[in-house]
Amino acid sequence: GGEFRRNQINRPFDFFVNGEYVYQDLSAFGVPSTTNNPSIENFLRGLPLVYVGVTPTGSDSDRGFRQWALAGYVQDDWSVSNKLTVNLGIRYEFNSNPTEAQGKESNIINVLTDKSVTVGKIINSTAKDLFAPRFGFAYKLGSDNKTVVRGGFGLFYDQIWGNIYGNVRSLPPFYQAVENIFPAFLNPTVAAVSGTTANATLTYFPKWPQVMQYNLNVQRELGGHSVVTVGYIGTRGNHL
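Being a predicted model, the structure only gives us computed values, none of them experimental.

Draft legend 1. Up close: the packing of aromatic side chains. All chains considered together, the criterion is met by 11 aromatic pairs. Geometrically, the ring pair formed by Phe 4 and Trp 68 is tilted, given 6.3 Å between the ring centres and 35 degrees between the ring planes. Here the residue Phe 4 occupies a position in strand E1 (residues 2-11), and Trp 68 occupies one in strand E4 (residues 63-79), the gap between them amounting to 64 residues. A relative accessible area of 55% means that Phe 4 is categorised as exposed. For Trp 68, a relative accessible area of 31% puts it in the partly exposed group. Ring centres 5.2 Å apart and planes at 55 degrees place the aromatic pair Tyr 21 and Tyr 51 in the tilted group. Remark: Tyr 51 occurs in strand E3 (residues 50-54) and Tyr 21 occurs in strand E2 (residues 20-22); sequence separation between them is 30 residues. A residue is classified by how much of its surface remains accessible, and Tyr 51, at 8% relative accessible area, is buried. Within the aromatic cluster, the residues linked to one another by ring pairs are Tyr 21, Tyr 23, Phe 43, Tyr 51 and Phe 185.

Draft legend 2. Summary view of the pattern of salt bridges. A complete count under the given rule lists six salt bridges for this structure. Here Asp 60 ties to Lys 104 by a salt bridge, and the two come within 3.5 Å at their closest N and O atoms. Note that Asp 60 is positioned in the loop between E3 and E4 and Lys 104 in the loop between strand E6 (99-100) and strand E7 (106-107), a separation of 44 residues in sequence. A salt bridge links Glu 93 to Arg 91; the nearest nitrogen and oxygen atoms lie 2.7 Å apart. Pair check on accessibility: Glu 93 and Arg 91 agree, each one buried. Within the structure, one salt-bridge network assembled from shared partners comprises Glu 3, Arg 5, Arg 91 and Glu 93.

Draft legend 3. Spatial organisation of the side chain of Arg 91. Take Arg 91: it is sitting in strand E5 (residues 84-95). When its relative accessible area of 17% is taken as the criterion, Arg 91 is described as buried. Of the polar contacts made by the side chain of Arg 91, one reaches the side chain of Glu 3; its length is 3.0 Å. Among the polar contacts listed, one links the side chain of Arg 91 to the side chain of Glu 93, at a separation of 2.7 Å. With sequence-adjacent residues up to four places away left out, Arg 91 is seen in contact with Glu 3, Ala 71, Gly 72, Tyr 73, Leu 130, Phe 131, Ala 132 and Arg 134.

Draft legend 4. Structural view of the pairing of strand E9 (residues 130-141). One ladder, built from 10 bridges, connects E5 with E9; its direction is antiparallel. Bridge assignment links Val 86 to a residue of E9, and that residue is Phe 137. Here E9 pairs with strand E10 (residues 147-157) via eight bridges, running antiparallel. The residue of E10 that forms the bridge with Phe 135 is Phe 153. Hairpin connection from E9 to E10: five residues lie between these consecutive antiparallel strands, with Gly 142 at a positive phi of about 75 degrees.

Draft legend 5. Local environment of helix H1 (residues 38-45). Residues of H1 that are buried: Pro 38, Glu 41 and Asn 42. The buried residues of H1 all sit within an arc of 95 degrees when viewed along its axis, so they share a single face. Two residues or fewer past H1, Gly 46 is found with a positive phi of approximately 70 degrees.

Draft legend 6. Examining the layout of surface pockets more closely. The computed volume of the largest pocket comes to approximately 180 Å³. Of the residues that constitute the lining of the largest pocket, the class distribution is eight nonpolar, three polar and two charged.

Procedures and definitions
- Residues numbered from 1 in each chain as written.
- Predicted model: local features only at pLDDT ≥ 70, side-chain atom pairs only at ≥ 80, totals over all residues.
- Heavy atoms only, no water.
- Phe/Tyr/Trp six-rings, centres within 6.5 Å; stacked < 30°, edge-to-face > 60°.
- Helix = DSSP H or I, 4+ residues; strand = E, 2+ residues; numbered from the N terminus.
- Buried < 20%, exposed > 50% of the residue type's maximum accessible area, 1.4 Å probe, protein only.
- Salt bridge = Lys/Arg side-chain N within 4 Å of Asp/Glu carboxyl O.
- Polar contact = N/O pair within 3.5 Å; in protein donor to acceptor, adjacent residues only side chain to side chain.
- Contact = heavy atoms within 4.5 Å.
- Pairing = 2+ DSSP bridges.
- Arc of directions from axis to C-beta.
- 1 Å grid on protein atoms, 1.4 Å probe; cavity = no way out; pocket = protein on both sides within 12 Å on 5 of 7 lines; lining within 4 Å.
- Points joined across faces, edges and corners; volume = space filled by probe spheres on them.
- Nonpolar A, V, L, I, M, F, W, Y, C, P; charged D, E, K, R; others polar.

Everything listed here is a matter of geometry and, on its own, says nothing about what the molecule does.
Next comes the structure, spelled out in structure tokens:
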């Protein structure tokens, strides 16, 4: 079998666009209060601690992300003997590097050293080695054909979905979110103390998410229409 998908994600996500002031007790910063409700007092005085919003020229979050996914698999069952049946399979998946229809693509390549974003690919590359094997067996115990041992293992890959890589829409130079400490009231993009760019993004070098599932169980027919099963099931996720 096989699968082909073409993903188109067209929408804005106006996070921060309306702007938000945060008011609280500022006595720790040398601003005394004369009431027992300093947050409301500072609100009435127009003394916010933080402003989170966007610059007027950097508020367009409308994006059109594009990505395609290709997968194929083969699987079969083998009757090794009248007691043992084995199933084997393998799946391969490939996901293209996501793009944006208007070319509005940028990311922070190294969050520890880079002082600005780099215009270009959203992520460095997508994985090319997404081979996912599957294995299972069923074995009859004894001569009465009433006890069967079954087991299996499978490796499964997930996508890095659009709601994850779509976070790059908040990055400059195509969008400019800001977080300012002690902003000038009614001119919030000017910071009295410090200002930073507020961003949400994903790593430029992602590891592909995968899940391993495995199980082992014993089934015993008790007679009539009753079967008892005792089993162990495990799941482990990596790079989630």
